[in-house]
Amino acid sequence: MLSRRDVIKALGLTAVASSSPGLALAAADTDSRFVLVVLRGAVDGLALAPAYHDDRYRDVRGELALGKPGTDDGVLELDGFFGLHPSLPTLHELYGANEALLVHAVASPYRERSHFDGQDVLESGATAVGLARDGWLNRALSPLAGTPAIALAQNTPLVLRGDNATTSWAPSRLPDADEDTIGRLQRLYAEDEFFATRLEQALKSQEIAMGMGASGRRGNEAQQFGELMTSAARFLVAEDGPRIAVLEFGGWDTHANQGAVAGQLANRLAALDRGLANLRDGLGKA
């Protein structure tokens, strides 16, 4: 049986983000990247990848059922049984090119009804709520010293919290500091290794994220997700940047007024698809 650590190693990852000076990478057998996107609130899996060929699909889904492939607003064909929501053309293209795989109906051991507790188990990798206060991805970094991991979020998600140091970046809610202010801070922290190091890391992260035109503006969550995926690609292709990234995209608790082909879930799926396209395009050969 493969452990999470074995899977990470098999992907060619070298791991850990650094809170200490420098972001130098250790030698690795490959230069692969690993990106985890957490869809907060639990995406409706039977809307994302409906089992349209199941005899009971339409009876069970009712007004949420999607059309068969080839019909107006029908699903995008996968394998003759499952399809993709029509708002996911990029994911469908990647699947057709053998660059994406959908693993359906996989769950943690949690069987209660709290989204918060369910996410806790999902990210901690424990068998029950509260058994671990660090994340499975952070623990997987332990033997893989050298490569930084980054959370593109205001707060580091549980999955990346733990004893192994990581870094984070997110668009600021505040106006950018001018060069004079930054210079004053650098001089103020010059004799304090802790703050000086973290200031330089923050400036380095900002330079990577903004160096190719990222606006840094905080639009609505769907717009911001697309920009974060573009920024993730910039971090991951930087020569001395991270090789592991974790992002969050909230608002998937759509059990009220969800819609089918159109509506709030379709809009979020379209934003997810654009974000995947941004990541693919930004990574390029990487």
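Rules used throughout
Residues numbered from 1 in each chain as written. Predicted model: local features only at pLDDT ≥ 70, side-chain atom pairs only at ≥ 80, totals over all residues. Heavy atoms only, no water. Pairing = 2+ DSSP bridges. Helix = DSSP H or I, 4+ residues; strand = E, 2+ residues; numbered from the N terminus. Contact = heavy atoms within 4.5 Å. Axes fitted to C-alpha atoms, helices over the stretch in contact; angles between N-to-C directions. Buried < 20%, exposed > 50% of the residue type's maximum accessible area, 1.4 Å probe, protein only. Salt bridge = Lys/Arg side-chain N within 4 Å of Asp/Glu carboxyl O. Lys, Arg positive; Asp, Glu negative; His and termini not counted. Phe/Tyr/Trp six-rings, centres within 6.5 Å; stacked < 30°, edge-to-face > 60°. Polar contact = N/O pair within 3.5 Å; in protein donor to acceptor, adjacent residues only side chain to side chain. pLDDT = per-residue confidence, 0-100. Parallel < 35°, antiparallel > 145°, perpendicular 65-115°, else oblique. Left-handed = near helix turned anticlockwise from the far one by under 90°. Nonpolar A, V, L, I, M, F, W, Y, C, P; charged D, E, K, R; others polar.

Draft legend 1. View of the sheet that holds strand 1 (residues 34–39). Across the sheet, 4 strands lie side by side as 1-6-4-5; this open sheet has parallel pairing. Only two strands of the sheet have a single partner each, and these edge strands are strand 1 and strand 5 (167–168). Strand direction decides the pairing type here: strand 4 (residues 149–152) and strand 5, joined by 2 bridges, are parallel. Of the residues in strand 5, the one forming a bridge with Ile150 is Thr167. Strands in contact with helix 9 (residues 221–237) are strand 1, strand 4 and strand 6 (244–249); relative to strand 6, the strand with the most contacts, it is inclined by about 180°.

Draft legend 2. Inspection of the pairing of strand 1 at higher detail. The two faces of strand 1 differ: Phe34, Leu36 and Val38 on one face are buried, but Val35, Val37 and Leu39 on the other face are not. Pairing analysis gives 6 bridges linking strand 1 to strand 6, with the strands arranged parallel. Residue pairing across strands places Val38 opposite Glu248, the latter belonging to strand 6.

Draft legend 3. Spotlight on the pattern of salt bridges. Tallied over the full model, the rule gives 7 salt bridges. Arg40 is the salt-bridge partner of Glu248, the closest N and O atoms lying 2.5 Å from each other. With Glu248 in strand 6 and Arg40 in the loop between strand 1 and helix 2 (45–48), this pair connects stretches of sequence that are 208 residues apart. In this structure Glu248 comes out as partly exposed when scored by relative accessible area, which is 26%. By relative accessible area, Arg40 is classed as buried at 17%. Of the charged contacts, one joins Glu93 and Arg280 as a salt bridge, the two residues approaching to 3.5 Å between their closest N and O atoms.

Draft legend 4. How the structure looks around the side chain of Asp273. In this fold, Asp273 is placed in helix 10 (residues 264–283). An unpaired buried charge is present at Asp273: no salt bridge exists, and Arg274, the closest side chain of opposite charge, is 7.6 Å distant. Residues within four places of Asp273 in sequence aside, it is in contact with Ser87, Leu88, Pro89, Thr90 and Leu91.

Draft legend 5. Region of interest: the environment of Glu227. Along the chain, Glu227 turns up in helix 9. For the pair formed by Glu227 and Gly275, sequence separation is 48 residues and the distance between their alpha carbons is 7.5 Å.

Draft legend 6. How the structure looks around the packing of aromatic side chains. Across all of its chains, the model carries 4 aromatic pairs by this definition. With a centroid separation of 5.9 Å and 55° between ring planes, the pair formed by Trp169 and Phe235 is classed as tilted. In this pair, Trp169 is assigned in the loop between strand 5 and helix 7 (179–189) and Phe235 in helix 9, connecting sequence segments 66 residues apart. There is no split in this pair, since Trp169 and Phe235 are both buried. Between Phe225 and Phe249 the ring centres are 4.5 Å apart and the planes differ by 10°, which places this aromatic pair in the stacked class. Highlighted residues: Phe225 in helix 9 and Phe249 in strand 6, separated in sequence by 24 residues. Taken together, the ring pairs connect Phe225, Phe249 and Trp252 into an aromatic cluster.

Draft legend 7. Geometry of helix 5 (residues 115–124). Within helix 5 the residues assigned to the buried category are Gly118, Gln119, Asp120, Val121, Glu123 and Ser124. Here the buried face of helix 5 lies against helix 6 (136–140). The N-terminus of helix 5 is capped by Ser114, whose side-chain oxygen sits 3.3 Å from the backbone nitrogen of Phe116. Of the residues one or two after helix 5, Gly125 is the one with positive phi, at around 75°.

Draft legend 8. Inspection of the confidence of the model for the chain at higher detail. Confidence along the chain averages 81 in pLDDT terms, with 77% of residues attaining 70 or more. Here residues 212–218 scores under 50 on pLDDT; set against residues more than four positions off or in separate chains, the count is 17 contacts.

Draft legend 9. Quick peek at the pairing of strand 4. With burial as the criterion, each face of strand 4 is covered, one bearing Ala149 and Ala151 and the other bearing Ile150 and Leu152. Pairing of strand 4 with strand 6, which is carried by 4 bridges, proceeds in the parallel orientation. The partner of Ala151 across the bridge, within strand 6, is Val246.

Draft legend 10. Here's a closer look at the packing of helix 9 against helix 10. In contact at an axis separation of 8 Å, helix 9 and helix 10 are set at 20° when each is read in the N-to-C sense. In terms of orientation, helix 9 and helix 10 fall into the roughly parallel class. The two elements helix 9 and helix 10 cross, and the hand of that crossing is right-handed. The residues of helix 10 that touch helix 9, namely those facing Glu221, Ala222, Phe225, Gly226, Met229, Thr230, Ala232, Ala233, Leu236 and Val237, are Arg268, Ala271, Leu272, Gly275, Leu276, Asn278, Leu279, Gly282 and Leu283. For the contact of helix 9 with helix 10, a count of residues per class yields 12 nonpolar, 5 polar and 2 charged.

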